[in-house]
Amino acid sequence: MTIPLTRSALAASGVATDPAPERIVHLGLGAFHRAHQASYTDAVDVERAWGIAAFTGRSAGAAAPLAAQDGLYSLVVRGAGGDSVSVMRSIVRAVDGSTPDQVLSAIAAPATAIVTLTVTEAGYRFGGDGTIELADPVIASDLVLARRVAGGARPAGSVPVSALGRILVGLELRRRAGGPGLAIVPCDNMPSNGELVRQALLDMADAVSDDLTRYVTDVVSFVSTSVDRITPATRDADIATVAELSGWDDRAPVVTEPFSDWVLSGGFPSGRPAWEQAGARIVDDIRPFERRKLWLLNGAHSLLAYAGPARGHETVHEAIADAACRASVERFWDEAEAHLPADLDVPAYRAALLERFENPRIEHRLAQIGRDGSMKLRVRAVPVLRAELAAGRSGEGAASAIAAWMDAAALDTLPPDPAEEEVAAAAAARDSSRALLGFLDPELADDSAALAVVEASRRAAVSG
Ligand SMILES: NC(=O)c1ccc[n+]([C@@H]2O[C@H](COP(=O)([O-])OP(=O)(O)OC[C@H]3O[C@@H](n4cnc5c(N)ncnc54)[C@H](O)[C@@H]3O)[C@@H](O)[C@H]2O)c1
Ligand SMILES: O=P(O)(O)OC[C@@H](O)[C@@H](O)[C@H](O)[C@H](O)CO
C-alpha cells in the first residue's frame with residue numbers, strides 16, 4: 001500500500017516537516033533544480049532556515065503535482081548498481097510562474113536573499129551575441145509593464161512573460177519598498193552566466209529608469225555558476241519505482257545520477273545556505289571550471305545528440321557504447337583538453353565522464369539534449385573549433401559535432417529549437433554549410449579553413 005506524499009504524512013512518519021521560511025526564489029521549476037540546488041539546500045539546511053519558493057517558467061502544469069505534495073518530492077539517486085530514495089523538503093512553495101502577484105512579490109519580499117534560475121539557455125532570450133534584445137516582442141512588452149510599475153502603478157493581474165522581465169519588475173517593487181540587496185544566481189549551461197544576466201538586466205533597467213539602474217548596480221550581486229548533475233526528464237515508471245522503494249505515492253519524483261558538482265563565483269549580500277558543506281565550491285575565477293564542463297560534458301552530449309540518432313541511438317549510454325561515436329567524442333575531447341589548464345586534471349575528468357555516460361540505468365534521451373542546438377553549439381563546440389584553428393590545427397573533432405548538427409538540420413530531424421525557422425532556411429540554402437556555420441558564428445563562416453573542415457566532416461558522415 002502506498003501513502004500520498006504530503007507534509008502531514010511525512011510528519012506522521014517521524015520526520016520534521018515545518019516549512020522553512022522563504023528566503024530563496026527559484027525560476028524554472030524543472031527536474032534539474034530539484035536534483036541540484038534544492039538538493040544541496042536540503043542537505044545543508046539543518047536549522048531549516050532557507051525555504052525555496054519555486055516557480056515554473058513556461059508550463060503552468062508542472063507546479064500542480066508538486067503543490068499538491070506541499071513542495072515535497074522524492075529524489076532517486078540512480079547509480080549503475082542501484083537506487084537510493086530520499087524525500088527533499090527544501091521547496092516550501094511550488095507555483096505556476098504566471099500566477100498574478102506571486103513571483104513578483106516573492107522577489108520583492110525583504111526576506112528573499114537569493115534568486116536562482118534554471119530556465120534553459122533559450123529562456124534568457126539572448127541573441128546570437130549573448131546580449132538581450134530589447135526589441136524582442138516579449139521583452140518589449142515586459143518593459144512596458146516595468147515602466148508602468150516604475151511610474152507607481154501596481155502590476156495588478158499582470159505578470160511579465162520572460163524570466164528576466166519577472167526579475168526586473170520584482171526588483172523594481174523591491175527597490176520601491178526599500179528592500180535589501182540580493183544575489184541572482186543563474187544555473188543554466190552558459191559561460192559567465194552571472195555576467196550575462198547582469199548585463200541583460202542593466203540593459204533592461206536602463207530602458208526603465210535611472211533609479212532602477214542604480215538599484216541593480218548598487219545592491220544586486222550576480223553570481224556565475226558551473227552546474228553539473230545529469231538529470232533526465234522524469235518518466236511514469238519512476239513513480240512506480242518510488243512507490244516500490246519507499247512506499248510514497250509521489251507524483252513528482254526526480255531521478256538523477258550520484259555525481260554532482262557546483263562551482264560558484266560572486267557575492268551573497270544577504271547570506272546563503274552553507275552549500276559548500278555539501279561539496280559546492282566558491283571560487284574567484286570560474287572560467288576554467290565552466291570551460292571544462294561545457295566543452296567536455298556538454299560538448300560531447302551535443303555531439304552524441306546529433307551523431308547518435310543518425311546511427312540509430314536514442315540515449316547517451318547507447319551512443320557512447322558505439323565505437324564510432326565514442327571515437328568522435330575522444331577526438332573532440334583531445335582537442336578541448338589542449339585548451340584547458342593542466343591543473344584541472346582533465347584525464348581523470350574524462351575517465352569519470354565516460355563512466356557517467358555509460359551508466360545504463362540513466363535513460364538520458366538524445367532528443368532532450370539536442371533541443372535548442374543552435375544556442376548550445378555556440379558555447380559547447382564553436383569555442384573549441386576556434387581555439388584549434390587559432391593553434392594552426394584542423395579542429396576536426398569540434399567540426400564533427402557541428403557537422404552532425406548540420407546534417408540533422410538538412411534531414412529535418414533536429415529537435416525543437418527557438419530559431420528553427422532560420423535554421424531550416426539556412427539548411428535549405430545552396431551553400432548550406434556556410435549559411436549554418438554563419439548562424440552559429442558569423443566570423444567562422446568567412447574562415448575558409450573552418451568551412452573546409454566542417455564540409456569534410458559532413459562528407460565523411462555521408463560516405464559512412
Ligand atoms: N537536466 C540536466 O541534466 C541539467 C544539468 C545542468 C544544467 N541544467 C540546466 O537546467 C536547465 C533546465 O533543465 P531541466 O532538466 O530542469 O529541464 P525541465 O524541462 O525539467 O525544466 C525546464 C524549466 O525551465 C522552464 N522554461 C523552459 N523554457 C522556458 C522559457 N523559454 N522561459 C522561461 N522558462 C522556461 C520550464 O517551465 C521549466 O520550469 C537546462 O536547460 C540547463 O540549462 C540541466
Ligand atoms: O540541460 P541542457 O538542455 O542545457 O543540456 C542537455 C545536457 O547536455 C545537460 O543537461 C547535461 O546533462 C548537464 O549539463 C549535466 O550536468
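Note that the coordinates shown come from a computational prediction; the quantities given were computed from them, not determined experimentally. (Residues numbered from 1 in each chain as written. Chains lettered and ligands numbered in written order. Predicted model: local features only at pLDDT ≥ 70, side-chain atom pairs only at ≥ 80, totals over all residues.)

K.L.:
So what's going on with the site of ligand 1? Residues and values would help.
P.N.:
Around ligand 1, the structure places 25 residues, and the nearest of them are Gly30, Phe32, Gly57, Gly123 and Asp188. Ranked by residue count, the leading element in the shell around ligand 1 is helix H2 (residues 31-35), at 3 residues. Within the shell around ligand 1, the residues separate by chemical class into 10 nonpolar, 11 polar and 4 charged. (Near = placed C-beta within 6 Å. Helix = DSSP H or I, 4+ residues; strand = E, 2+ residues; numbered from the N terminus. Nonpolar A, V, L, I, M, F, W, Y, C, P; charged D, E, K, R; others polar.)

K.L.:
Could you give an account of the site of ligand 2, naming the residues involved and the relevant values?
P.N.:
Ligand 2 sits among Glu121, Asn189, Asp228, Arg229, Ile230, Leu297, Asn298, His301 and Ile369. The greatest single-element share of the shell around ligand 2, amounting to 3 residues, is contributed by helix H11 (residues 287-310). Class assignment for the residues of the shell around ligand 2 results in 3 nonpolar, 3 polar and 3 charged. Here the shell around ligand 2 gathers at least three residues from each of two domains, domain 1 (3-282) and domain 2 (287-463). (Domains from an automatic or database assignment.)

K.L.:
Go over helix H16 (residues 373-380) with me, naming the residues and quoting the values.
P.N.:
Of all 8 residues in H16, 8 are buried; the element is thus mostly enclosed. If you check which residues of H16 are buried, you get Gly373, Ser374, Met375, Lys376, Leu377, Arg378, Val379 and Arg380. For H16, the secondary structure elements touched by its buried residues are H11, helix H17 (382-390), helix H18 (396-410), helix H19 (420-428) and helix H20 (432-440). (Buried ≥ 20, exposed ≤ 12 C-beta atoms within 10 Å, placed from the backbone. Contact = placed C-beta atoms within 7 Å.)

K.L.:
Quick one: what's the story with the sheet that holds strand S12 (residues 254-256), residue by residue and with numbers?
P.N.:
The strands that make up a sheet pair up through hydrogen bonds in the backbone, lying either parallel or antiparallel. Strand order in the open sheet made by the 3 strands is S5-S4-S12, with mixed pairing throughout. Both outer strands of the open sheet, strand S5 (82-88) and S12, are each paired with one neighbouring strand and no more. If you compare each strand with its neighbour and ignore which way they point, the axes differ by 25° on average. Direction of pairing for strand S4 (residues 73-79) relative to S5: antiparallel, over a ladder of 7 bridges. Pairing of Gly79 across the sheet is with Gly82, part of S5. (Pairing = 2+ DSSP bridges. Axes fitted to C-alpha atoms, helices over the stretch in contact; angles between N-to-C directions.)

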